[in-house]
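Listed below are the residues making up each chain.
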Amino acid sequence: MRNVVVEDAAAAVEGIKDGDTVMMGGFGGAGLPLGVVKAVLDRGVRDLTLISNNAGSTEDDLSLWFEARIVRKIVCSYPRSAKHFAEQYRAGTVELELVPQGTLVERIRAGGAGLGGFLSPVGVGTVFADGKEKIVVDGREFILELPLHADFAFVKGHLADTLGNVTYNKTARNHCAVMATAGRTVAVEVDRVVNVGDLDPEAIVTPCIFVDRVFARSSR
Amino acid sequence: MRNVVVEDAAAAVEGIKDGDTVMMGGFGGAGLPLGVVKAVLDRGVRDLTLISNNAGSTEDDLSLWFEARIVRKIVCSYPRSAKHFAEQYRAGTVELELVPQGTLVERIRAGGAGLGGFLSPVGVGTVFADGKEKIVVDGREFILELPLHADFAFVKGHLADTLGNVTYNKTARNHCAVMATAGRTVAVEVDRVVNVGDLDPEAIVTPCIFVDRVFARSSR
Amino acid sequence: MTPLSRDALARMVALHLPEQGFVNLGIGAPTHVADYLPAGSGVILHSENGILNVGPKPAAGEEDWDLINAGKMPISLRSGGSYFDSSLSFAMMRGGHLDVAVLGAFQVSKNGDLANWTTGDNGSPPGIGGAIDLAVGAKSIWVMMDHVTKDGRSRIVERCGYPLTARGVVTRIFTNLCIIDVTEDGLAVRALLDGLAIEALRDRTEAPLRVMGDPLTIRQDGSVA
Amino acid sequence: MTPLSRDALARMVALHLPEQGFVNLGIGAPTHVADYLPAGSGVILHSENGILNVGPKPAAGEEDWDLINAGKMPISLRSGGSYFDSSLSFAMMRGGHLDVAVLGAFQVSKNGDLANWTTGDNGSPPGIGGAIDLAVGAKSIWVMMDHVTKDGRSRIVERCGYPLTARGVVTRIFTNLCIIDVTEDGLAVRALLDGLAIEALRDRTEAPLRVMGDPLTIRQDGSVA
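Summary of the structure given here. Please read these numbers as outputs of a predicted model, since none were measured by experiment.

## Observations regarding the interface of chain C and chain A
Piece 1. Between chain C and chain A, the residue contacts involve 36 residues of the former and 40 residues of the latter.
Piece 2. Of the roughly 3100 Å² buried between chain C and chain A on both sides combined, carbon and sulfur atoms contribute 63%.
Piece 3. Among the residues of chain C in contact with chain A, Asp66, Arg94 and Pro125 of chain C are the three that bury the most area, contributing 20% of the side total.
Piece 4. Between chain C and chain A we count two salt bridges in total.
Piece 5. There are 13 residue pairs in polar contact (both at pLDDT 80 or more) connecting chain C and chain A.
Piece 6. Here the side of chain C that touches chain A gets four residues from one element, more than from any other, and that element is helix α2 (residues 86-94) of chain C.
Piece 7. Residues belonging to the side of chain C that touches chain A are distributed by class as follows: 17 nonpolar, eleven polar and eight charged.

## Re the side chain of Thr181 of chain B
Piece 1. Mapped onto the elements, Thr181 of chain B comes out in the loop between α6 (176-179) and β10 (183-190).
Piece 2. If near-sequence neighbours (up to four positions away) are discounted, Thr181 of chain B is found in contact with Gly112 and Phe210 of chain B together with His97 of chain C.

## Let's talk about unusual backbone geometry
Piece 1. One non-glycine residue with positive phi stands out, namely Arg69 of chain A, at about 55 degrees.
Piece 2. For Arg69 of chain A, the location among the structural elements is in the loop between α3 (63-67) and β3 (71-76).

## Details of the sheet that holds strand β6 (residues 107-109) of chain C
Piece 1. Pairing in this open sheet of three strands is mixed, and the strands run β7-β6-β9 (chain C) from one edge to the other. Among the strands making up the open sheet, the edge pair consists of β7 (114-115) and β9 (156-157) of chain C.

## Thoughts on the packing of helix α5 (residues 101-112) of chain A against α2 of chain C
Piece 1. Direction vectors running N to C along α5 of chain A and α2 of chain C enclose 125 degrees, while the axes themselves pass 9 Å from each other. Classified by the angle their axes make, α5 of chain A and α2 of chain C are oblique. For the element pair α5 of chain A and α2 of chain C, the recorded crossing hand is left-handed. Contacts from Gln101, Gly102, Val105, Glu106 and Arg109 of chain A in α5 of chain A reach Ser86, Ser87, Phe90 and Arg94 of chain C in α2 of chain C.
Piece 2. Here the residues of the contact of α5 of chain A with α2 of chain C sort into two nonpolar, four polar and three charged.

## Brief notes about the pairing of strand β3 (residues 51-55) of chain C
All names here are of chain C.
Piece 1. Among the five residues that make up β3, five are buried, leaving the element largely enclosed by the rest of the structure.
Piece 2. Looking at chain direction, strand β2 (residues 44-47) and β3 are connected through two bridges and run antiparallel. When the sheet's bridge partners are listed, Ser47 is paired in β3 with Ile51.
Piece 3. The turn joining β2 and β3, which pair antiparallel and follow one another in sequence, is formed by three residues; a positive phi near 115 degrees is taken by Gly50.
Piece 4. Looking at chain direction, β3 and strand β4 (residues 76-83) are connected through four bridges and run antiparallel. Residue pairing in the sheet places Ile51 in a bridge with Tyr83 of β4.

## Examining the side chain of His175 of chain B
Piece 1. With respect to the element layout, His175 of chain B can be found in the loop between β9 (159-161) and α6.
Piece 2. With relative accessibility at 1%, the residue His175 of chain B sits in the buried group.
Piece 3. In this structure the side chain of His175 of chain B is engaged in a polar contact, spanning 3.0 Å, whose partner is the side chain of Asn53 of chain B.
Piece 4. A polar contact is formed between the side chain of His175 of chain B and the side chain of Ser86 of chain D, at a distance of 2.7 Å.

## Quick notes on the sheet that holds strand β5 (residues 100-103) of chain D
Residue and element names in this part refer to chain D.
Piece 1. What the ten strands build is an open sheet, ordered β4-β3-β2-β1-β5-β8-β10-β11-β12-β13; its pairing is mixed. At either margin of the open sheet sits one strand with a lone partner, and together these are β4 (76-83) and β13 (209-218). Going from strand to strand, the sheet's axes swing by 25 degrees on average, the running direction of each strand aside.
Piece 2. As paired strands, strand β10 (residues 172-175) and strand β11 (residues 178-183) are joined by three bridges and run antiparallel to one another. The partner of Ile173 across the bridge, within β11, is Ile180.
Piece 3. On top of the sheet, helix α1 (residues 6-16) reaches β5, β8 (140-145), β10, β11 and β13; it is set at about 145 degrees to β10, its chief contact.

## A short note on the interface of chain B and chain C
The parts lose accessible area when they come together, and the size of an interface is often stated as this lost area.
Piece 1. Chain B puts 21 residues into the contact, and the matching count from chain C is 20 residues.
Piece 2. Summing the contributions of chain B and of chain C, the shared interface buries around 1600 Å²; its carbon and sulfur component is 66%.
Piece 3. The three residues of chain B that bury the most area against chain C are Arg2, Pro201 and Ile209 of chain B, which together make up 32% of that side's buried surface.
Piece 4. On the surface where chain B and chain C come into contact, there are zero salt bridges.
Piece 5. Summed over the shared surface of chain B and chain C, the number is five residue pairs in polar contact (both at pLDDT 80 or more).
Piece 6. Grouping the constituent residues of the side of chain B that touches chain C by class yields twelve nonpolar, five polar and four charged.

## So, the environment of Asn176 of chain C
Residues and elements named next belong to chain C.
Piece 1. Topologically, Asn176 is positioned in the loop between β10 (172-175) and β11 (178-183).
Piece 2. Excluding residues that lie within four positions of it along the chain, Asn176 makes contacts with Pro3, Leu4, Leu9, Met145, Asp146, His147 and Leu193.
Piece 3. Separated by 3.3 Å, the side chains of Asn176 and Asp146 make a polar contact.

## Remarks on the pattern of salt bridges
Piece 1. This model, assessed by the stated rule, comprises 46 salt bridges over all chains.
Piece 2. Across the salt bridge formed by Glu202 of chain A and Arg173 of chain B, the nearest N and O atoms sit 3.2 Å from each other. In this pair, Glu202 of chain A is assigned in the loop between β11 (192-194) and β12 (213-216) and Arg173 of chain B in the loop between β9 and α6, connecting two distinct chains.
Piece 3. Taking the shortest distance from any N to any O, the salt bridge between Glu158 of chain C and Lys110 of chain C comes out at 2.7 Å. Within this pair, whereas Glu158 of chain C is found in the loop between β9 and β10, its partner Lys110 of chain C is found in the loop between β6 and β7, the two being separated by 48 residues in sequence.

## Observations concerning the environment of Met1 of chain A
Piece 1. Along the chain, Met1 of chain A falls in the segment before α1 (9-12).
Piece 2. Judged by relative accessible area, Met1 of chain A falls into the exposed class, the value being 69%.
Piece 3. Distance in space between the C-alpha atoms of Met1 of chain A and Ala187 of chain A is 19 Å, their sequence separation being 186 residues.
Piece 4. Setting aside its immediate chain neighbours within four residues, Met1 of chain A contacts Leu163 and Val196 of chain A together with Gln20 of chain D.

## Some points on helix α1 (residues 6-16) of chain C
Piece 1. Regarding α1 of chain C, the residues found buried are Ala8, Leu9, Ala10, Met12, Val13 and Ala14 of chain C.
Piece 2. Turning to α1 of chain C, the residues buried within the fold contact β5 (100-103), β8 (140-145), β10, β11 and β13 (209-218) of chain C.

Rules used throughout
- Residues numbered from 1 in each chain as written.
- Chains lettered and ligands numbered in written order.
- Predicted model: local features only at pLDDT ≥ 70, side-chain atom pairs only at ≥ 80, totals over all residues.
- Heavy atoms only, no water.
- Contact = heavy atoms within 4.5 Å.
- Buried area = accessible area lost by both parts, 1.4 Å probe.
- Salt bridge = Lys/Arg side-chain N within 4 Å of Asp/Glu carboxyl O.
- Polar contact = N/O pair within 3.5 Å; in protein donor to acceptor, adjacent residues only side chain to side chain.
- Helix = DSSP H or I, 4+ residues; strand = E, 2+ residues; numbered from the N terminus.
- Nonpolar A, V, L, I, M, F, W, Y, C, P; charged D, E, K, R; others polar.
- Pairing = 2+ DSSP bridges.
- Axes fitted to C-alpha atoms, helices over the stretch in contact; angles between N-to-C directions.
- Parallel < 35°, antiparallel > 145°, perpendicular 65-115°, else oblique.
- Left-handed = near helix turned anticlockwise from the far one by under 90°.
- Buried < 20%, exposed > 50% of the residue type's maximum accessible area, 1.4 Å probe, protein only.

It is worth stressing that arrangement in space is one thing and function is another; only the former is reported here.
Here it is, written out as structure tokens:
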């Protein structure tokens, strides 16, 4: 039977390489796969394109990636209160693509769902429309937003069974469930791995078809 | 506290009028709100536009609407094996807009999610692309598909609390959860109404913000 | 004439929210509106990170960092609440399912343009978050803000000088001096702080103001009569 | 030389499915492939009405009409299965998450065009269902069909005469006579029914066929050696 459980975060990030595009789940700390943050650092990769809601805020989150200067570009909705990112942003050593939060998650969904893009009313008449195609439907103007894909999507789940079915905990679900559909390789850090059959089929949020790797968060 | 429970199917369809657009959940019989089928008939409305996966197949489902000739147009993916619909289709007394199933549900989702449309790879190079705008992104051709909205969306749930939170039963979830986001008025026929707090917050599929009316399926 | 305190402004907004309405309170000052909801209002609060029926902040020591609001502060879930992913959460917003979004602002123009995400390039990274999605999607967009800036300039303007969040979306403005409806015929004063003359308000307001009948009176505690 | 029975054809397809793969079996003949999956194959079946890990049909009297497949027939759920709405189900398909979709067909062209939804206007209402979404999205699109029509015409054609489902998507064709890969260089025979000469196959096939090395031999039970 399918079993996608891997040993640890290091195994979960196996194959990541310089220049890859990486989605990281989480809104603030909730949903951020912290073991992955460190495992990616340990791999020594560089020039990543990071797709994430935030750019970190404490010393113990995505801030570490900016401190280590492994991110070339971030696609993000709210990189405020991110000290290390802000320094590099001011120095011009990191590129920022600022995307409204709902548009960010919808672009990720479009990537995972095989759509070529969508027409959004969000940003019409603002700087967020700059450089984007405008399409009028029934007399109303929309912006054409394009899908986002990633080489790796890393998210934080609550429980996963060994097949790779995943549930989330409270508001930690946020972007995680959507990102889990959009990475070429999807790895999920969970609180606990459970047996096949332990999860309620009605309450599984990410069915196993989307999930390539699962590992249990270290209790250390 | 909010309480959206109404007495019966007749109350759930209150306000429907000639010419309305109506979404009906269900794939085959699973997810079809049967009480609503009959209550709409009892209202005596006509000239409905029906958005539904099927056009009925037995004497005891959407077939009744075609038998009673209350549907002017159906937007649908699979109207085969629908005797009464087929008769009217051949007679030219009902209009058919045939939509691939995944495109149908995605257009409904776009309606509920406030999008102006989406770019689909489905149907490119086929008759399903006829008359639709083509948009090329990164050298790949897509079809612009437009959102669907409805005056009423009627779906079948499993449990609902009095606030209007809804769960579904097994594959009866199908189009129901998406349609429940896309009607101006959304009414849900359920097996049982439960108290607020009885549903697991992690397992609610349709949060109450989308739901205007709930009623318990008659046991008769 | 003392402008309303922040608390009184929050209370004034809270008293106006529709009973049993679905409401998103933006980060910052709007979040405090929750503290003044009348008992039994039945208002159901949404937070865009994926939660409906947000409850009060937990007691010290009871925080769950997987249960936070859009301001990343610990909250609780009321009975009948639900969790969902961001795509469904923003579908609620963009799709017009929220009754009211209450937002802070730097400026609102006479036709309801909203500027609330940046005052321009000051070398800091910009952040937009979900402000723009809320501003486009909710059925009613309410702004709450001080009527004038710290140096006395009107925040209610002919045309926004700051980068726009959305065009023509604001439906009502609550300030520490008044309540203004944004109508097709321009800005209409609906309520006025007790003791403030309409001409004094106009002196503090760049955009033209209409008055329909007698404006209601705003008391210092934020109640309106 | 007797063409494969329907059962043997289903078995042949089943034996080729990738271990632990995610597979959708289209309505009609492909559904029967499930009956021939080897024990321990680990194949996980998807049905587009919103279910993953479809199990066998329930015993008579045990049917649950809320638990059906895309053919609207009662099924069961295996341990580790899940339910979801149609939008996520079609995201799986359109988004390229399925390893294989097995579809019936009227015709397949030499470049992999698929015609499997209608033979044209015969007065009956057309139906498309999820066939087209599957045909566009899955990583591999396999067709299973009789090699020729009832009146002996090839279903593997230069150019489809029937309305297309999708262009250039079919990757492999299983017939009751052979297995053919659709490659950039045209149709390549991979396996041939025991006792059938390649020239005899060509006689029954409108589109040109290549042979790479020695084709494998298909036995009457659908196994391939």
